[in-house]
Amino acid sequence: MKTRDAAFSIGPAKFRNRVFLASGPAGYGTEYEGLIDLRRLGAVVTKTITFHPRAGNPGRRLWETEAGLLNSIGLENVGAERFFAERLPRLVDAGARPVVSLGAEDWNEYRSLLDASAAAGVVDAVELNLSCPNVDRGGMSIGGDPALVAKYVRAAREALPDAAIIAKLTPNTGDITVLARAAAEGGAHAVTAINTLLGMDLCGAGQEPVFRRVRAGLSGPAIFPVALDAVWRIVRAVDIPVVASGGVSSVLDARKFLAAGAAAVEIGTAIFYDSALPERIVEALEEECGGSPPKTKPRKGRKR
Amino acid sequence: MKTRDAAFSIGPAKFRNRVFLASGPAGYGTEYEGLIDLRRLGAVVTKTITFHPRAGNPGRRLWETEAGLLNSIGLENVGAERFFAERLPRLVDAGARPVVSLGAEDWNEYRSLLDASAAAGVVDAVELNLSCPNVDRGGMSIGGDPALVAKYVRAAREALPDAAIIAKLTPNTGDITVLARAAAEGGAHAVTAINTLLGMDLCGAGQEPVFRRVRAGLSGPAIFPVALDAVWRIVRAVDIPVVASGGVSSVLDARKFLAAGAAAVEIGTAIFYDSALPERIVEALEEECGGSPPKTKPRKGRKR
Amino acid sequence: MSAAGKGLWKAALRRSTPLSPSCSLLVFERPAGFPDAAPGQFVSVRATEATAPLLRRPYSIMDLTGSSLSLLVKAVGRGSAALCAARPGERFDMIGPLGGVPFPEPGEAEAVFVAGGTGLAPVLFAARAWRRRGVAARTTLLCGAATKRELLGDLVKTAFGTRWFATLDGSAGFRGDVVALCRDLVSRGRMPKGVLYSCGPRGMVRALEETTGGHFAAHYTSLEAIMACGVGACRGCTVPVRSGGASVLKAICSDGTVFPAGDILWEEWEE
Amino acid sequence: MSAAGKGLWKAALRRSTPLSPSCSLLVFERPAGFPDAAPGQFVSVRATEATAPLLRRPYSIMDLTGSSLSLLVKAVGRGSAALCAARPGERFDMIGPLGGVPFPEPGEAEAVFVAGGTGLAPVLFAARAWRRRGVAARTTLLCGAATKRELLGDLVKTAFGTRWFATLDGSAGFRGDVVALCRDLVSRGRMPKGVLYSCGPRGMVRALEETTGGHFAAHYTSLEAIMACGVGACRGCTVPVRSGGASVLKAICSDGTVFPAGDILWEEWEE
Ligand SMILES: Cc1cc2nc3c(=O)[nH]c(=O)nc-3n(C[C@H](O)[C@H](O)[C@H](O)COP(=O)(O)OP(=O)(O)OC[C@H]3O[C@@H](n4cnc5c(N)ncnc54)[C@H](O)[C@@H]3O)c2cc1C
Ligand SMILES: Cc1cc2nc3c(=O)[nH]c(=O)nc-3n(C[C@H](O)[C@H](O)[C@H](O)COP(=O)(O)OP(=O)(O)OC[C@H]3O[C@@H](n4cnc5c(N)ncnc54)[C@H](O)[C@@H]3O)c2cc1C
Ligand SMILES: Cc1cc2nc3c(=O)[nH]c(=O)nc-3n(C[C@H](O)[C@H](O)[C@H](O)COP(=O)(O)O)c2cc1C
Ligand SMILES: Cc1cc2nc3c(=O)[nH]c(=O)nc-3n(C[C@H](O)[C@H](O)[C@H](O)COP(=O)(O)O)c2cc1C
Ligand code: FES
Ligand code: FES
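In every chain, residue numbers begin from 1 and rise along the written sequence. Going through the entries in the order they are written, you letter the chains from A and number the ligands from 1. Totals for whole chains, interfaces and linings use every residue, but because this is a predicted model, local features are given only for residues with pLDDT of at least 70 and side-chain atom pairs only at 80 or more, for both listing and counting. As a rule here, side-chain values come from all non-hydrogen atoms in the structure, and water together with hydrogens is ignored.

Chemist: Explain the overall build of chain A here, please?
Modeler: Counting from the N terminus, the helices are the DSSP runs of H or I reaching at least four residues and the strands are the DSSP runs of E reaching at least two. Within chain A, the secondary structure is distributed over nine helices and 16 strands. The buried share of chain A, reckoned over its 304 residues, is 68%. Within chain A, contacts between residues at least 6 apart in sequence are counted, and of these 71% link residues at least 24 apart. Computed with a 1.4 Å probe, the accessible areas rest on the Shrake-Rupley method; for each residue, only the protein chains presented here act as cover. Put simply, chain A shows about 10,000 Å² of open surface, and 50% of that area lies on carbon and sulfur atoms. Only protein chains enter the area calculation, which uses a 1.4 Å probe; residues under 20% of their type maximum are buried, those over 50% are exposed, and those in between are partly exposed. We call two residues in contact when some of their heavy atoms are within 4.5 Å.

What follows is the structure in structure tokens.
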């Protein structure tokens, strides 16, 4: 019952459908060969790259919690040069539609990365990771400050004038709509909400922190209600599309994000235990309404 | 192997041990007759009372999420008068050690409530609920502002000079240690961290918000890593005791909070499905070290 | 009646009998010390040790004998599915008996029971318990389900004087829901004027009260809601009821589960 | 060797045999289309449909025949306990074969296997697979466990030329751990100089390399870590290894599981 086309746009970028792989769990995409048919998905948001390669954090990097996963990967990545030379072409060859996730520790690195992205000549959609909790500078400290969010977004718009600029926001703030508004004011074509929540755990006989950096990022089904709340409110606070991320582990969860008004849904942690989920969601949405979100207007509350 | 006494103090108030029932799930305490032996616990933090009785929120009030519970009770309570006349005496008669949770919509109601509490003459420990997400005014709006937190705490110290004043903090903020510092500066004897996270869900064929107020408070095992992170950092940021709340669902979870440096642990949502847990924790701690937290010094990170 | 005597128990499943495609009769050993209970009271069972589903699941007591505790469980989600899949010998953690207000006895009047789906459980307990104690000499049951296969006819063979069945598809008994059946019986003068006892979906009970409530001397209904504590502490299961002129929120778990159906403020009570 | 050919499968459990108080041998039907695998490769199994435990659980392939896929599972937590409790007929969702670098064949040299606990699985697969293919004519196994009851002696009766056992309590074989046993054999001149293949707890493998590594022509070890993706994407399972003069982080799941033990930077590799 394909009633209308699943395709849609964010700014200048077109997408086959509304189901994306989230940045990080999906790596550079092609690792999932044999498990996920990347050509079926709206987009693959690649692992956040930085200008320089990063080794990531030492020590343990993953830890399960109740219905959740803590990670302290620390943005391990191959750096812009190898990413654009090797990884991105391979992903495109595999038939995927990439959204390139960009991150930086500071303004200078960020400028270099934008320049490298522009020079690569192929980037037509980026997600700015303004919200990684697992690095010392950058990430959260940028992402929690509305003025910096606007500034970083503006710079990306200027450096990549033909690309869709999506700002990924942190939930570790008092009011995420303030950050969303800042991103919109900076010229973002869309925002992604949410990145991981801050959390930690202890382990072993000595009850030592699991992670060397102590704090890590919490993802998975546990955070779904928090993510849905963020998406619901941002949709009602700004006029740009919202890409939903956080805890999707079923077709129903994806539907909820779309019903809340999200333009697209990212699947992250769930691909670890249910790699078929993204394609199941694509199929379910196609069967219904061509993958478009329901036509109900955003409202403030349930009853008025 | 009771090596030392489990008893400890927060400001002027003494407690039998470090295991408390959290405010809300425990109601006025005596509802759990036959299920929980209140005399075995360090304290019962009573349901937050307001000066005037409150009917609470209309519509659905409870909803399960993965390893979590959303609630939108809306501070239904009998009001100060009936609380001090009927409920508190009944709780004391049952042999419990109460901590009275106080909440208010605004400054005037708060002042009236403090006066009523002082007039009751029996209150020697209060927890200020500066953080309920389920009411329109008060709660969160007070709790998210460090200046107001300090002001409310100061007023409580003045109105109840002989009582232990514990400020309960919201996690729905960028940096909870800022609120903890404000509470300490206001003269709090301790802080409790954390109250519920903000979240929501949709349900039904129409994907309508579950709750009339849309947003609700998320508790239960899902939030444990977030609560532990908050407690860990507050312990290292302020010199007053920290009472831990959030997601405890096993003896091990309680041990983790104490290992992180908490002075006491509150059990909330878990009593719904495992009412024997508080007493199991008391017993486990007694067997070990008299219920005192490990003697390791707070440190900033795992390795230095 | 207060909920005094409630406790925390481990109950071993003695046998589980599928009664319909989705419903099973679960008979547990009555735990030593488990108090007597009245119709309308319930237990709240921890269906799994996992944290999802997190909460206990409330089930009306369908019968309580010297040695057994019976529940009628419909598999609608993870918790109930786990219960229905349990094997004899498995032990479940439960609290109970819960519920502060059971069905009041009918006295001299005829007892008319209307049950939708698993609403049969408290109604069956009432009929059995009262028959055992020699009250409610005359009883009528109206029992409805979607289809004949869903109808729990075998379960109600003996406990009631008169039995009427309704199925939505007409595969057995009256075609329509149990409310339409009741209306039909009233209009055809075949419905005694006794006390009405109901349990079922909200919409059913409301329609029953609104369309046929006036026919009966009284209408008591056992309500359901999502519950957390089950003991009146958390205030999660409230229903607005008329009390004097005012609307008051009562906790279904401890101020109920039974309420006069006429007191419920249906308009205000949203799902 | 690349992990090409990996896929997502539903595998039915054919039989589950308890081998020790905590270990079970799980034999699954080999799913149609499941590719051939090499020793050191693994599958990652979804132990329950619940969200806790959330992640798949990685298990080394212990054997792979035309019709069966065998795993050796030790119950240490919720996931493995669920697997060990599974009944024949249950179907499990798994991905595999995973692992980009298997144990290299020993060529003409004698293969010496050292296994701690369930580290036996990949080692047993190597011995069996190589024997079937006519390589590794001469094999020695050193197998350790805490006690005699934990020792999986029956499992290794046939696959190896020489077998040595060690138990911590001395209830069978050498008293001590398998590293001490290896050292003992080396010092007594009873240890062939071939290629060493090991799998077991980190501390064991490290001690083995540090105390007896020099005796062997090479030492390859199959490593374990908590994993999320299993395919090299998430970078959650890294180990620091020497590469040229530098320290490089490799993903155990895709750059391993097998590494030359001498390359591992144990000091940097924290649990
Ligand atoms: C006092 C009381 C007595 C009950 N007696 C019986 C009984 O005798 N037999 C029986 O089969 N069921 C009975 N129920 C309902 C039963 O508790 C629910 O069906 C069960 O909790 C569903 O759990 P689940 O995990 O299977 O479903 P879930 O996955 O939790 O829910 C499935 C659907 O049912 C809804 N639901 C869940 N719990 C309730 C609830 N308590 N009330 C209304 N809707 C709910 C959910 O919103 C969802 O739409 C009773 C409920 C109460 C409050
Ligand atoms: C490549 C690989 C091959 C493996 N092969 C086997 C095998 O053949 N047989 C077997 O029994 N086990 C094997 N394991 C280990 C097995 O995956 C874990 O024991 C299992 O995941 C534990 O899950 P659980 O839910 O039972 O325990 P949990 O409750 O998750 O954990 C119990 C304890 O084990 C630790 N742990 C969990 N997972 C791992 C892990 N992957 N590595 C190290 N410690 C861990 C936890 O930190 C905790 O202390 C292998 C692991 C890997 C990575
Ligand atoms: C292992 C792991 C690595 C991640 N790495 C990144 C990253 O590099 N950049 C980023 O923007 N988000 C990263 N995230 C966050 C996810 O993209 C996603 O926003 C978050 O996990 C919440 O969604 P989920 O619950 O569906 O996983 C990572 C998450 C995980 C679990
Ligand atoms: C049903 C319910 C009602 C609550 N009511 C209150 C309240 O009145 N005052 C308050 O300070 N906290 C209230 N809370 C928050 C708890 O005290 C506790 O801080 C929170 O639930 C996190 O802990 P938990 O995961 O152990 O439940 C309530 C929580 C629940 C689930
Ligand atoms: S379920 Fe808590 S008051 Fe009824
Ligand atoms: S588990 Fe993801 S990289 Fe190895």
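Let us keep going from here.
Chemist: Would you take a moment to explain the side chain of Arg235 of chain C for this structure?
Modeler: Along the polypeptide, Arg235 of chain C turns up in the loop between strand E13 (218–222) and strand E14 (238–243). Two N or O atoms count as a polar contact when they lie within 3.5 Å, although within protein this holds only if one can serve as hydrogen donor and the other as acceptor, and sequence-adjacent residues are included solely when both atoms are side-chain atoms. In terms of polar contacts, Arg235 of chain C uses its side chain to reach the backbone carbonyl oxygen of Gly232 of chain C, at 3.2 Å. Discounting residues that sit within four places of it in the chain, Arg235 of chain C has contacts with Arg61, Ile73 and Glu76 of chain B together with Leu249, Ala251 and Asp255 of chain C.

Chemist: I tried to follow the site of ligand 3 on my own but got confused; where do I start?
Modeler: All names here are of chain A. Whether a residue is near a molecule or strand depends on its heavy atoms: if one lies within 4 Å, it is near. In the vicinity of ligand 3 there are 21 residues, among which Ser23, Thr48, Lys168, Gly247 and Thr269 approach most closely. For ligand 3, a nitrogen atom lies 3.0 Å from a polar atom in the side chain of Asn129. Within the side chain of Ser245, one N or O atom sits 2.8 Å away from an oxygen atom of ligand 3. Relative to its unbound accessible area of 600 Å², ligand 3 is 98% covered by the protein chains. A per-class count over the shell around ligand 3 returns five nonpolar, 14 polar and two charged. Amino acid classes used here: Ala, Val, Leu, Ile, Met, Phe, Trp, Tyr, Cys and Pro are nonpolar; Asp, Glu, Lys and Arg are charged; the rest, including Gly, are polar.

Chemist: Sorry if this is basic, but what is going on with the sheet that holds strand E10 (residues 190–193) of chain A here?
Modeler: The pairing of strands in a sheet happens through backbone hydrogen bonds and is either parallel or antiparallel. All names here are of chain A. Around the barrel, eight strands lie side by side as E3-E4-E7-E8-E9-E10-E15-E16; this closed barrel has parallel pairing. Between one strand axis and the next, the sheet turns by 25 degrees as a mean value, whatever way the strands run. Sheet topology note: the E10/strand E15 (residues 242–245) ladder contains three bridges and is parallel. Opposite Val191, over in E15, you have Val242 as the bridge partner. Along the sheet face, helix H1 (residues 79–93) touches strand E4 (43–45) and strand E7 (98–102) and points at about 150 degrees away from the line of E7. Only when DSSP finds a minimum of two bridges between them are two strands counted as paired. Fitted lines through C-alpha atoms give the axes, limited to the stretch in contact for helices. The angle between two N-to-C directions lies from 0 to 180 degrees.

Chemist: What exactly am I supposed to notice about the relation of the copies chain B and chain A here?
Modeler: Copy one and copy two of the chain differ by a rotation about a common axis and a shift along it. Aligned on chain A, chain B shows an RMSD of 0.0 Å; the corresponding rotation is 180 degrees and the shift along the axis is 0.0 Å. Each copy turns onto its partner about a two-fold axis. The copies were overlaid with a least-squares fit restricted to C-alpha atoms from residues scoring a pLDDT of at least 70 in each copy.

Chemist: Hey, could you run me through the interface of chain B and chain A in this one?
Modeler: Size of an interface: often given as the accessible area lost when the parts come together. Of the residues lining the interface, 40 residues belong to chain B; the matching set on chain A comes to 40 residues. Buried area between chain B and chain A, both sides added, is near 3,300 Å², and the carbon and sulfur share of it is 61%. A salt bridge links Lys256 of chain B to Asp201 of chain A; its shortest N-O distance comes to 2.9 Å. The interface formed by chain B and chain A holds six residue pairs in polar contact (both at pLDDT 80 or more) in total. Those elements that place two or more of their residues in the side of chain B that touches chain A are strand E11 (197–199), strand E13 (208–209), helix H6 (224–235) and helix H7 (251–259) of chain B. Here the side of chain B that touches chain A takes seven residues from H6 of chain B, the largest share from any one element. For the side of chain B that touches chain A, the residue count by class is 21 nonpolar, seven polar and twelve charged. As used here, buried area is the combined drop in accessible area, with a 1.4 Å probe, of two parts when they are placed together. Criterion for a salt bridge: a side-chain nitrogen of Lys or Arg within 4 Å of a carboxyl oxygen of Asp or Glu.

Any functional reading would require information beyond the geometric quantities listed.
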